[in-house]
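# Descriptive structure summary
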Amino acid sequence: MTNEIYVEKNGYIATLVLNRPDKRNSLSREMFQAILDHLEALRTDSSIKVLIVRGINEVAFSSGADITEFLDIRYAADNAKAYNDLALKAIDAVYKFPHPTIAMIQGLAIGGGLELANACDFRLATPKSKLGITAANIGIVYNLESTKRLINIVGVAKAKEILYTANIFTAEEGKNIGLITALHEPEDIEKETLQFVNHLLSKSSVANAGIKKIIQAIIDGDNEESDELAQIILDSFSSDDYNEGIQAFLHKRTPIFNK
């Protein structure tokens, strides 16, 4: 597996690091496969309750898909389909990761880089970060799944503006349209991201994992609870977290949830 993507674990936190600084973390086919492989392993790791996705340094979260591959393994319809299927599968694995996910954006988040960040539940950035989806600059039709995800975050009008113009915009502009969750100064973003993660970890992982499934079902168009979702809700009432939450409330103390 390529070392251009690696995972760091710290207690309940896994950090997926994009490690291709000489290419501003542009995403190769091999890196998309590595994302998929790493997330498959993390899904079965019961110790992990939060995922952070970040670039190796302050220069870039990711500048997008590696354009040097476009005239080789992403050229013509058949090759493009195989490449796109893998990339979308990797990004969907981030989107469907069973626990909260945070994109820590330093520097550039362009094209496939912003697409990857948009698959996360939260996007924290610095005022120096630059965002954009530039498919219209190179004649690519942006895929349905990621377009829908963008629309769900910023709305139809802003999604059209982002995609049609292919403009690069600031993280502050991104925050104003709901794309960026919070802005932090470059020297503070690692500390603030960890503080936010620890706040999430102080809550019930049973509740948050279930809430994530419910929200995604709504986003995906469900109007009624499936049997699976109904069971997730009912099971929460039998969980240790539920008992701890009730006891903490009754005794006016802070709950301490199992992980």
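Not measured: the values here are computed from a predicted model.

Cut-offs and rules
- Residues numbered from 1 in each chain as written.
- Predicted model: local features only at pLDDT ≥ 70, side-chain atom pairs only at ≥ 80, totals over all residues.
- Heavy atoms only, no water.
- Pairing = 2+ DSSP bridges.
- Helix = DSSP H or I, 4+ residues; strand = E, 2+ residues; numbered from the N terminus.
- Contact = heavy atoms within 4.5 Å.
- Axes fitted to C-alpha atoms, helices over the stretch in contact; angles between N-to-C directions.
- Patch = residues over 30% accessible without salt bridge, like charges linked within 9 Å, V, L, I, M, F, W, Y side chains within 5 Å.
- Areas by Shrake-Rupley, 256 points an atom, 1.4 Å probe, with all protein chains shown as cover.
- Salt bridge = Lys/Arg side-chain N within 4 Å of Asp/Glu carboxyl O.
- Core = buried A, V, L, I, M, F, W, Y, C linked by side-chain atoms within 4.5 Å.
- Buried < 20%, exposed > 50% of the residue type's maximum accessible area, 1.4 Å probe, protein only.
- Arc of directions from axis to C-beta.

### Focus: the sheet that holds strand β7 (residues 122-125)
With respect to topology, six strands assemble into an open sheet ordered β1-β2-β3-β5-β7-β10, the strand pairing being mixed. This sheet does not close on itself; its edge strands, each paired only once, are β1 (5-10) and β10 (182-183). Alignment of strand β3 (residues 50-55) against strand β5 (residues 101-105), held across four bridges, turns out to be parallel. Each bridged residue has a counterpart across the sheet, and for L51 the counterpart in β5 is T101. Sheet contacts for helix α1 (residues 29-43): β1, β2 (13-18) and β3; angle to β1, the most-contacted strand, approximately 25 degrees.

### Topic: a nonpolar patch on the surface
Side chains of F237, Y242, I246, F249 and L250 sit close together on the surface and give an oily, nonpolar patch of about 550 Å² of accessible area. Structurally, I246 is set in helix α10 (residues 240-250).

### Focus on the nonpolar core
Counting residues in hydrophobic clusters, the biggest one holds 46 residues, and the most contacted among them are F32, I35 and I105. Of all the secondary-structure elements, those providing two or more residues to this core are β2, α1, β3, α2 (77-95), β5, α3 (112-118), α4 (144-154) and α5 (156-165). Ranked by size, the runner-up nonpolar core spans 11 residues in total, among them I13, I52, M104 and L124.

### What about α5?
Owing to its 3.6 residues per turn, the α-helix brings residues three or four apart onto one side. Of the residues making up α5, those classed as buried are A159, I162 and L163. Burial along α5 is one-sided: seen end-on, the buried residues are contained in an arc of 90 degrees. Turned more than 90 degrees away from the buried face of α5, the exposed residues are A157 and Y164. Along its buried surface, α5 packs onto α4 and β9 (169-170). Immediately beyond the C-terminal end of α5, within one or two residues, lies A166, with a positive phi of roughly 55 degrees.

### So, unusual backbone geometry
Positive phi, close to 50 degrees, is recorded for R24, a residue that is not glycine. With respect to the helices, strands and loops of the structure, R24 is situated in the loop between β2 and α1. Using a relative accessible area of 45% as the deciding quantity, one classes R24 as partly exposed. Despite not being glycine, N25 has its phi angle at roughly 60 degrees, a positive value. Tracing the backbone through its elements, the reader meets N25 in the loop between β2 and α1.

### Considerations on the side chain of R54
Positionally, R54 belongs in strand β3. For R54, a relative accessible area of 15% puts it in the buried group.

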